[in-house]
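This is what each chain is made of:
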Amino acid sequence: MCRLSAAVLSAAVLVAAVPAAPAVAIVAGAVDGNAHPYVGALLASSARPFCSGVMLANQNPDDHALGKVFLTSAHCLGKAGDGRQVRVTFGATVSSGTTSTGTYHVMPGYVPAMFVNDIAIVVFNSPPAISAVGLDDGDTVPGPGARVTTVGYGPPSIGIRKWATEIVTGSSSRWLDLRYGSGNSCIADSGGPDLFIPDPDDSAAPAVFALTDQGSCGIDQDYLVNSPAVRGFVNDPDYVSDAD
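Residues numbered from 1 in each chain as written. Predicted model: local features only at pLDDT ≥ 70, side-chain atom pairs only at ≥ 80, totals over all residues. Heavy atoms only, no water.

Colleague: Hey, could you go over the overall build of the protein for me, with residue numbers and the actual values?
Modeller: For the protein, the count of helices and strands is two helices and 16 strands. Across the 244 residues in the protein, those meeting the buried criterion constitute 54%. Only carbon and sulfur atoms are counted for the fraction: they give 55% of the accessible area of the protein, which is about 9200 Å². (Helix = DSSP H or I, 4+ residues; strand = E, 2+ residues; numbered from the N terminus. Buried < 20%, exposed > 50% of the residue type's maximum accessible area, 1.4 Å probe, protein only. Areas by Shrake-Rupley, 256 points an atom, 1.4 Å probe, with all protein chains shown as cover.)

Colleague: Can you lay out the state of the cysteines for me, pointing to particular residues and giving the numbers?
Modeller: In this structure the tally under the stated criterion is one disulfide. Each sulfur of the disulfide joining Cys51 and Cys76 lies 2.2 Å from the other. Of note, the bridge from Cys51 to Cys76 carries an S-S torsion of about -100° and is left-handed in sense. Of this pair, Cys51 sits in strand 4 (residues 49–59) while Cys76 is found in the loop between strand 5 (66–72) and strand 6 (85–90), placing the two residues 25 residues apart along the sequence. Looking at Cys51, the relative accessible area reads 2%, which means it is buried. On the basis of relative accessible area, Cys76 is assigned to the buried category, the value being 2%. (Disulfide = S-S within 2.5 Å.)

Colleague: Tell me about unusual backbone geometry, and please be specific about residues and values.
Modeller: Excluding glycine, most residues fall at negative phi; most peptide bonds, likewise, are trans. A positive phi is found at Ala47, a non-glycine position, where the angle reads about 75°. Structurally, Ala47 is set in the loop between strand 3 (39–43) and strand 4. Positive phi, close to 50°, is recorded for Asn117, a residue that is not glycine. Note on placement: Asn117 falls in the loop between strand 7 (98–106) and strand 8 (120–124).

Colleague: Describe in detail the environment of Gln59, supporting the description with residues and values.
Modeller: As for its position among the elements, Gln59 is in strand 4. Of the residues examined, Gln59 reaches a relative accessible area of 35% and is grouped as partly exposed.

Colleague: Account for the side chain of Lys68, with residues named and values stated.
Modeller: In this fold, Lys68 is placed in strand 5. A polar atom in the side chain of Lys68 sits 2.7 Å from the backbone oxygen of Pro128. (Polar contact = N/O pair within 3.5 Å; in protein donor to acceptor, adjacent residues only side chain to side chain.)

Colleague: Account for the pairing of strand 8, with residues named and values stated.
Modeller: Among the five residues in strand 8, five count as buried, and that is most of the element. The alternating pattern of strand 8 places Ala120, Val122 and Phe124 and Ile121 and Val123 on opposite faces, both of which are buried. One ladder, built from three bridges, connects strand 5 with strand 8; its direction is antiparallel. Across the sheet, Thr72 pairs through a bridge with Ala120, a residue of strand 8. (Pairing = 2+ DSSP bridges.)

Colleague: Residue-level account of the packing of aromatic side chains, with values.
Modeller: The final tally for this structure, using the stated rule, is five aromatic pairs. Measuring from centroid to centroid gives 6.5 Å for Phe90 and Phe124, while their planes differ by 50°, and the two rings are tilted. Taken as a pair, Phe90 in strand 6 and Phe124 in strand 8 lie far apart in primary sequence, 34 residues in all. Given the relative accessible area of 4%, Phe124 is considered buried. Geometrically, the ring pair formed by Phe196 and Phe209 is edge-to-face, given 5.4 Å between the ring centres and 80° between the ring planes. In this pair, Phe196 sits in strand 14 (residues 193–196) while Phe209 sits in strand 15 (residues 207–215), placing the two residues 13 residues apart along the sequence. Relative accessible area serves as the criterion here: at 17%, Phe196 is assigned to the buried category. The class for Phe209 is buried, based on a relative accessible area of 1%. Chaining the aromatic ring pairs together yields one cluster made of Phe70, Phe90 and Phe124. (Phe/Tyr/Trp six-rings, centres within 6.5 Å; stacked < 30°, edge-to-face > 60°.)

Structure representation (structure tokens):
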């Protein structure tokens, strides 16, 4: 079910010696414009995007200092990418976006064959002036029939940020199962967020529930990121960079 197109795979090879595979571009859906300015793309040296991701607010649990990191999938670069410098761009298109450099960190315990802990973050050398979105606190998981918003830069409109709604069909402790709504993620949207407003009466701000991970361009199985383990990784004091 998971795959990288030949073009995307070759782009990733330019960045990491051994990119791990899967992932999945917004089919149908709509051009994003500036609707989700916190969604960005990992760039190969050719400036071609090979994975998507999201600027995420984080907080040091010790001194409560605030920061922000770029949340994406571990399989985008695999274990070989851990500690590497990467480029991330934000914008309606990759050519119009603000590009920043940071260090790619793979979540401890990542098991490529089983997609366990398929999470990575980029800690920026100098955090860009991009708004950040929050990680869901784990109190609520969208139930069957709920609609989530998925965003990414993949084909068929490679390098153009697009969004679509997908419909929840179920979930487990690790996975959020989705089917085609107004569109669907497909080749190269891996790491892009699934956004949902958990409590519209409390806040209109969306939260990140899951990341695009596996799929067939019509049915997805996305990685839930609202577990204590993922929140602990994202909020590790070593990874809290100063927010603008």
